[in-house]
Amino acid sequence: MVADDVSGPTSSDGARVVTRFAPSPTGYLHLGGARTALFNWLFARHHGGTFLLRIEDTDRARSTQPAIDAILDGMRWLGLDWDGDAIFQFARADRHAAVAHAMVASGHAYRCYMTQDEIAAQRAAAQAAKQPLRLRSPWRDADPATAPADQPFVLRLKAPRDGATAIDDLVQGIVTVQNAELDDMVLLRSDGTPTYMLAVVVDDHDMGVTHVIRGDDHLNNAFRQLPIYRAMNAVEGGWPDPIYAHIPLIHGTDGAKMSKRHGAVGVEAYRDELGILPEAFGNYLLRLGWGHGDDEIISRAQATEWFDLAAVGKSPSRFDLKKLEHLNGHYIREADDDRLAALVAAIGGYGSDSIPLLRRAMPSLKARAANLNELATNAAFLFATRPLAIDPAAADLLAGEAPSILAGVHAALDAVHHWDTEALETAVRQVAEDRGVKLGQVAQPLRAALTGRKTSPGIFDVLVVLGREESLGRINDQMAA
RNA sequence: GGCCCCUUCGUCUAAGGGUUAGGACGCGGCCCUUUCACGGCUGAAAUACGGGUUCGAAUCCCGUAGGGGUCACCA
């Protein structure tokens, strides 16, 4: 895999930019993860840099192949292409261990033989004192010669205890933490496997990552990871601090953290269950925590040009489905009819034979849908078989005078030679005029007869799309003898 | 609880010492109209609270309250 010779395009100011998205495959690609990926992608593309993908699968018990597939699938759906092959962290365990051992050899880490009981005792004491646990291992400064022979041990970082560490975060600004707040975290577990804290740093370094853009739930981790960079930089050089950007999390509608109970579903649910278009989803995610003046509708290309981490806000934002759907409606209206026809055919289960008809109906159909499911539902009348099932809400429209009016419409339309909107509208308006009623009193029964529903695309569009024979047949089914 | 971060309409955000505090979603009204949407116009709606600095504070400082994050041999 990549060593420290990653070569990438350079931005105009000469500074190479390499970002990465590093999800752990223990679940789907959720909203927050998707936005983190988007921001990393935009930042890299904006600077003409490199965007890498790393799967953090070191938790063998919880990592699954379906989760990996879901993440990759979600990113492709959102158009977040990564450079090169995805890196799998678990495969690099030997390299991580080697770094940990190098740190021991150079005195930046040490073998800790503390037992679970000893750790539990410190934890209990900390709780009693109402203080956070800051583990103090007696092995930090112990003579290695006094080490027990057959006892398991972990490798711990010898973290600085004096002074403070400050990071200049691109989003959070300068954040300072006292080193006394940190403890010596585990680098290598007693079974020899690396911890996340070690693996992240080693991989980011080896992949040449220059900018670490991630959720601000990792902000505290930056202070634990920096000592590893600095230790290794002291050992062999070439381990500069990365530039950090910790972006705020996305909360549920209730302001609480996204949870499985509160909308924390995978991006594929937005696609499959809510009928969201990827461009709408991306646009929505972009505007969560970031803004560019009064602009709301922002294309990916425009976003790439405008995106700037400094403009990302520091406070968490709430998810708003209504706004997502508004954007979705916009992108549906803008979408290509062939694409939508194929999508709707699949969602509605109409089959590939239905695509030509869907394609023809799409211009009037797509103007009135906020998501693809709605679009599929609204298209159902196209494939209904005679006699149509009438929606209860539309039944009233076919009562009273309606059958008589429809008989008049049938006669008028039957006489139309050129079956186009103009001729049809003229004919229907004439029926209304002859009967001395408003157009609506003719159009509404006609709509119910043709679609079985109370609402539909413009009635003349419906007539054209359905065609002469089918239209007259459906009218005939509902008219007075 | 310790530490870190945050706070402008209900929500997403703009304005970074001087604005009638702007836009978008949602909500109400009007217009368009064959229905529903779309679109157009329009209305209600915010600087968390308290001090301070200043001629002047949403904007700078301090405090309070509220919210979030984090404190593992998970990632």
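Please read these numbers as outputs of a predicted model, since none were measured by experiment.

### What about the domain arrangement of chain A?
No. 1: Its domain assignment divides chain A into domain 1 (5-250), domain 2 (260-340), domain 3 (348-381) and domain 4 (392-479).
No. 2: A separation of 40 Å is found between the C-alpha centroids of domain 2 and domain 4.

### Digging into empty space enclosed by the protein
No. 1: Enumeration according to the criterion identifies 1 cavity of 30 Å³ or more in this entry.
No. 2: Volume-wise, the largest cavity comes out at about 40 Å³.
No. 3: The wall of the largest cavity is formed by Leu157, Ala159, Pro160, Asn179, Leu182, Asp183, Met185, Phe223, Arg224 and Pro227.
No. 4: Residue composition of the lining of the largest cavity, by class: 7 nonpolar, 1 polar and 2 charged.

### Comments concerning the protein's contact with RNA strand B
No. 1: Taken together, the neighbourhood of RNA strand B is formed by 60 residues, with Arg189, Gly289, Lys314, Arg368 and Arg447 sitting nearest.
No. 2: The contact atoms of RNA strand B, taken as those within 4 Å of the protein, divide so that sugar and phosphate hold 65%.
No. 3: With respect to RNA strand B, the side chain of Thr58 contributes an N or O atom lying 3.3 Å from a phosphate oxygen.
No. 4: Take His326: an N or O atom from its side chain is 3.3 Å from a phosphate oxygen of RNA strand B.
No. 5: Those elements giving two or more residues to the surface near RNA strand B turn out to be β5 (154-157), β7 (173-178), α5 (196-206), α6 (219-236), β12 (317-318), α10 (321-334), α16 (439-451) and α17 (459-466).

### A word on the packing of helix α1 (residues 31-46) against helix α8 (residues 278-286)
No. 1: Two elements in contact, α1 and α8, have axes whose closest approach is 10 Å; the angle formed by their N-to-C orientations is 85 degrees. The angle between α1 and α8 places the two elements in the roughly perpendicular class. Across the interface between the two elements, Leu31, Ala34, Arg35, Leu38, Phe39 and Leu42 of α1 pack against Phe281, Gly282, Leu285 and Leu286 of α8.
No. 2: Taken together, the residues that form the contact of α1 with α8 break down as 8 nonpolar, 1 polar and 1 charged.

What counts and what doesn't
- Here the residue numbers are simple positions, counted from 1 along each chain's written sequence.
- Lettering for chains starts from A, numbering for ligands starts from 1, and both go in the order in which the items are written.
- Per-residue local features are limited, in this predicted model, to residues with pLDDT of at least 70; the limit for side-chain atom pairs, both in listing and counting, is 80 or more; totals at the level of whole chains, interfaces and linings are taken over all residues.
- Excluded from the side-chain calculation are hydrogens and water; included are all heavy atoms of the structure.
- As used throughout, domain bounds are those supplied by an automatic or database domain assignment.
- Space inside and on the surface of the protein is sampled on a 1 Å grid over the protein atoms alone, with a cavity defined as a set of points where a 1.4 Å probe fits but cannot get out and a pocket as an open set with protein on both sides within 12 Å along at least 5 of 7 lines; lining residues have an atom within 4 Å of a point.
- Grid points are joined across faces, edges and corners, and a volume is the space filled by probe spheres set on the points.
- Side-chain classes follow a simple rule in which Ala, Val, Leu, Ile, Met, Phe, Trp, Tyr, Cys and Pro form the nonpolar group, Asp, Glu, Lys and Arg form the charged group, and the remainder, Gly included, forms the polar group.
- One heavy atom within 4 Å of a molecule or strand makes the whole residue count as near it.
- N or O atoms closer than or at 3.5 Å make up a polar contact, with two conditions inside protein: a donor-capable atom paired with an acceptor-capable one, and, for residues adjacent in sequence, both atoms drawn from side chains.
- Only DSSP runs of H or I reaching four residues or more are called helices, and only runs of E reaching two or more are called strands; each is numbered from the N terminus.
- Think of each axis as a best-fit line through the C-alpha atoms, taken over the contacting stretch in the case of a helix, with angles from 0 to 180 degrees between the N-to-C directions.
- Should an angle fall under 35 degrees it is taken as roughly parallel, and over 145 as roughly antiparallel, whereas 65 to 115 is taken as roughly perpendicular and any remaining angle as oblique.
- Working rule for contacts: check all heavy atoms of both residues, and any pair within 4.5 Å makes them a contact.

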